[in-house]
Amino acid sequence: MAMDREAYLHLVSEIRYSKRLPDAKYLHKESLRSQSPALFGFLAIVAQAIKVSDDDWNIAKLHARDFKVSYLSYPAFYSESYPSLEQSIAVDLGLLTTKVTSYSDSKNPPILHRKELFIEPTNDCYDEFCSITREGEAAGLYETPFKIGFKDSWERLIKQKGYSLVNGRLVQVDVASDELSEDKIDRHLTAITRYELSSPFKCLAKHGYLNGNHSVFDYGCGKGDDLRELEAHGLNVGGWDPNFRPDTEQLESDIVNLGFVINVIENIDERIEAIQRAFALSKRLLVISAMIAGEATISKFAPYKDGILTSRNTFQRYYSQSELQDFIERTLEDDAIAVAPGIFYVFKDKLQEQEFLSNRHKRRQLWKQLTGDSDRKNVSAEMLFVTHKSLLDKFWMKCLELGRLPANDEFVCSSELREALGSHQKAFRILGQCVDTSDFARAQQMRKEDLLVYFALALFGKRKTYSDMPEAMKRDIRVFFDKYKSVIDEAKKLLFSLGDVSLINGLCNKAHEELPASHLNPGHSLIVHEKFVGLLPSALRIYVGCAAQLFGDLEDIDLVKIHITSGKVSFMNYEGFDSSPLPLLKERIKVKLRQQDVDFFEYTGCFTSPSLYWKSIYIDPSFPDYKKQVSFDHKLTAFSFVDSDREYGPHREELDRLLASEGKIIKGYRFYTA
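Computed from a predicted model, the values in this text were never measured in an experiment. (Residues numbered from 1 in each chain as written. Predicted model: local features only at pLDDT ≥ 70, side-chain atom pairs only at ≥ 80, totals over all residues. Heavy atoms only, no water.)

Asker: I'm lost on the packing of helix 16 (residues 439-460) against helix 17 (residues 471-480) in this one. Help?
Answerer: In helix packing, the relevant descriptors are the interaxial angle and the interaxial distance, both defined with respect to the helix axes. The contact between helix 16 and helix 17 brings their axes to 11 Å, and the two run at 115°. Crossing hand, helix 16 versus helix 17: left-handed. Contact residues: Gln444, Arg447, Lys448, Leu451, Tyr454 and Phe455 in helix 16; Met473, Asp476, Ile477 and Phe480 in helix 17. In the contact of helix 16 with helix 17, the residues fall into 6 nonpolar, 1 polar and 3 charged. (Axes fitted to C-alpha atoms, helices over the stretch in contact; angles between N-to-C directions. Helix = DSSP H or I, 4+ residues; strand = E, 2+ residues; numbered from the N terminus. Left-handed = near helix turned anticlockwise from the far one by under 90°. Contact = heavy atoms within 4.5 Å. Nonpolar A, V, L, I, M, F, W, Y, C, P; charged D, E, K, R; others polar.)

Structural data, given as structure tokens:
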């Protein structure tokens, strides 16, 4: 049974009996079979295609806005009052992808409430389920919806209200006086004084979200240093904090920041509640950040619950990048996009999510202004060009930005241009008759490549279907590929080609020959500066882009290392890369694409930072100190204890000692007699 998106959404809209959320309906498959045999039959065919047996699900989650469905397994739906979720299989019917999440080993799985909503009133169990729900309402268990979604928090709430579960029904009991109290954690001591914007707000600024067009709310604002800085720039901001601003109103805003809050909460139920509350307040975007650290850092502290206890009696829950993303997505049942280590975006506005992801991989080019053609043969066109040059200049730059002619609503001066020249097409013809427009072909090629990179990364990650894309992207697809299927087919070829080691090796060799600067270790790796990633062949841009999707943007990255055979990409951040001839490695991030895992290595404390030798091979004359660096590297080769054929050299302290033995010292980019 074939079914397209429109038919699917229409059938979902006709479902009467279900648990309803703004973007989905949940119901038991028996109720689905009864209410919509066509929809049930379609889900059965999809389940068979992805090898999901009839016993593997009993609740369907039907998305009301997307061409998606989730098969949920609650084995104890009829036998327990509040059954636990054992497995979720989410299927994107547009992209034909699946995501399986198992809770069988979880000590705190999601649970169901109000079971009567999942079945029809004619079901034999309907009255019993209604009775169970009335008991919970009478006991006050549904007063705070954020606290009831998971098993541990639900059972704890029942106990706090003075009840216990006996054979699935609530029985009132005395609260045990000998119950052990929680250790008191000094959460207020985790708030720090900031003298610059915190990293989540820096990310928002970088991506253009702090331009004054969005209201901002800081959920857990601490002492309010970020708020004061944003207010000074005239932004519409607000903030709440349980310790420092407990009486301020929690305001619904376009953007809500939950910055380094969940990592200082020792109670996992409260962490979940904080994320869900913050998400409920956001209209467009929720920013969630937490501390990222490895075992070396964690082992220095005393373990406490699922985190550590510091010497100041504060709690810290350190996460890995993938662990934090999984926690957010399980809590919100929505996609979390990594923008930096420990920082994720969750978009409520899915069109804005598409625009963000598309712009992330769009290259920026400093195009030339229009230059005159010495041989103008069309006098009429020349007169129009001279008369409206300022307007045509703006139109030309918009054409180069898009790689195509803009639609009327994409060019701010469209009405003026059409009144003066008739149409966008005529304006472009006049440009072609009067000036050199060869840059346009390059702009077209760049935009087409950018789209292929974007859609290949969309297949690697989680993206929306064609109907959910911004109108500008739909226009791009029609212009550059004619059909959506065409771009997806090309993107698939590019993505699947990444498993071909010989292809990657060949592309790395080709890139090394064509890039302004790079270092090739034949058959092993290619190292390039972040500035040159956009100049890589499309397949290598996708290779790097897939890795970046797992940890975030390349904002603070200096060098990118493409491992040719192992399916890995390393990102290096150096202290003093732009100002020192021997910058020190501060952080290395290794992304294992095949395992979709991220390792962070920080060179602090007992870990000596290695120096970057021969920096001149990674930069070109566009870098400020290029000539100084070339001269420095040339002079460094004169010393026998430094091998110019090796990528690495002595640690800085050792190098200084060896130079001192020969009566030399480094100051800036020069060698002096000691």
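Asker: Please clarify how the pairing of strand 7 (residues 163-166) should be interpreted in this entry.
Answerer: Sheet faces and side chains relate simply in a regular strand, where the side chains alternate between the two faces. Bridge count for strand 7 against strand 8 (residues 169-172) is 4 bridges, and the pairing is antiparallel. Across the sheet, residue valine 166 finds its bridge partner in strand 8, namely arginine 169. Between the antiparallel neighbours strand 7 and strand 8 lie 2 residues, among them asparagine 167 with a positive phi of about 55°. (Pairing = 2+ DSSP bridges.)

Asker: Just checking my understanding: could you explain unusual backbone geometry for this structure?
Answerer: Even without a glycine there, the phi angle at phenylalanine 260 is positive, about 50°. Relative to the helices and strands, phenylalanine 260 is located in the loop between strand 11 (253-259) and helix 8 (268-281). Residue classification places phenylalanine 260 among the partly exposed positions, given a relative accessible area of 22%. With a phi close to 55°, tryptophan 614 is a non-glycine residue in the positive phi region. Residue position: tryptophan 614 is located in the loop between strand 23 (597-602) and helix 21 (626-636). (Buried < 20%, exposed > 50% of the residue type's maximum accessible area, 1.4 Å probe, protein only.)

Asker: Whenever I open this one, the environment of arginine 271 confuses me. Can you help?
Answerer: Residue placement: arginine 271 occurs in helix 8. A sequence separation of 10 residues divides arginine 271 from valine 261, and the C-alpha atoms of the two residues are 8.1 Å apart. In this structure arginine 271 touches Ile262, Ile265, Glu266, Asp306, Phe315, Arg317, Tyr319 and Phe327, once residues within four positions along its chain are discounted.

Asker: Explain the packing of aromatic side chains here, please?
Answerer: For any pair of aromatic rings, the description rests on two quantities: the centre-to-centre distance and the angle between the ring planes. By the definition in use, this model includes 29 aromatic pairs. Ring centres of tryptophan 57 and tyrosine 71 lie 5.0 Å apart, and the angle between their planes is 85°; on these two criteria the pair is classed as edge-to-face. With tryptophan 57 in the loop between helix 3 (37-49) and strand 3 (59-63) and tyrosine 71 in strand 4 (residues 68-73), this residue pair connects regions lying 14 residues apart in the sequence. Residue tryptophan 57 is classed as buried on the basis of its relative accessible area, which comes to 4%. Between tyrosine 574 and phenylalanine 577 the ring centres are 6.2 Å apart and the planes differ by 50°, which places this aromatic pair in the tilted class. Its relative accessible area of 2% is what places phenylalanine 577 among the buried residues. One aromatic cluster in this structure is built from Phe77, Tyr78, Phe118 and Phe129. Stacked on the ring of phenylalanine 77, the Lys or Arg lysine 115 has its end atom at 5.4 Å from the ring centre. Above the face of the phenylalanine 623 ring, lysine 531 is positioned so that its terminal group lies 4.5 Å from the ring centre. (Phe/Tyr/Trp six-rings, centres within 6.5 Å; stacked < 30°, edge-to-face > 60°. Lys NZ or Arg CZ within 6 Å of the ring centre and 35° of its normal.)

Asker: So what exactly am I meant to see when it comes to the side chain of lysine 615 here?
Answerer: Within the secondary structure, lysine 615 sits in the loop between strand 23 and helix 21. One buried charged residue, lysine 615, remains without a salt bridge, the closest side chain of opposite sign being aspartate 578 at 5.9 Å. For lysine 615, the contacting residues outside a window of four places in its chain are Phe577, Asp578, Ser580, Pro581, Pro583, Gln629, Asp633 and Tyr669. (Lys, Arg positive; Asp, Glu negative; His and termini not counted. Salt bridge = Lys/Arg side-chain N within 4 Å of Asp/Glu carboxyl O.)

Asker: What exactly am I supposed to notice about the sheet that holds strand 15 (residues 315-316) here?
Answerer: Read across the sheet, 3 strands follow the order 13-14-15 without closing on themselves; strand pairing throughout is antiparallel. Every other strand in the sheet has two partners, leaving strand 13 (302-304) and strand 15 as the edge strands with one partner each. Pairing of strand 13 with strand 14 (residues 307-309), which is carried by 3 bridges, proceeds in the antiparallel orientation. Bridging across to strand 14, proline 303 finds its partner in isoleucine 308.

Asker: Honestly, the sheet that holds strand 5 (residues 87-92) in this entry has me stumped. Any pointers?
Answerer: Pairing between the strands of a sheet is mediated by backbone hydrogen bonds and can be parallel or antiparallel. On the basis of which strands lie adjacent, the open sheet formed by 6 strands has the order 1-2-3-4-5-6 and antiparallel pairing. If you trace the sheet from one side to the other, it starts and ends with strand 1 (19-21) and strand 6 (97-102), each paired once. The average undirected angle you get between the axes of adjacent strands in this sheet is 15°. Strand direction decides the pairing type here: strand 1 and strand 2 (residues 24-28), joined by 3 bridges, are antiparallel. Along strand 2, the bridge assignment pairs arginine 20 with lysine 25. Packing of helix 1 (residues 5-13) onto the sheet brings it into contact with strand 2, strand 3 and strand 4, and relative to strand 3 it is tilted by some 120°.

Asker: Looking at this model, I keep getting lost on the pattern of salt bridges. Mind explaining?
Answerer: Under the counting rule described, the total for this entry stands at 30 salt bridges. Where arginine 271 meets aspartate 306, a salt bridge forms, and the shortest distance between an N and an O atom there is 2.7 Å. Of the two residues, arginine 271 sits in helix 8 while aspartate 306 sits in the loop between strand 13 and strand 14, which places them 35 residues apart along the sequence. Look at aspartate 306 and you get partly exposed, because its relative accessible area is 34%. Close ionic contact of aspartate 597 with lysine 592 constitutes a salt bridge, the shortest N to O distance being 3.9 Å. Each of the salt bridges in this network shares a partner with another, and the network as a whole consists of Arg404, Asp409, Glu410, Arg447, Arg475 and Asp476.

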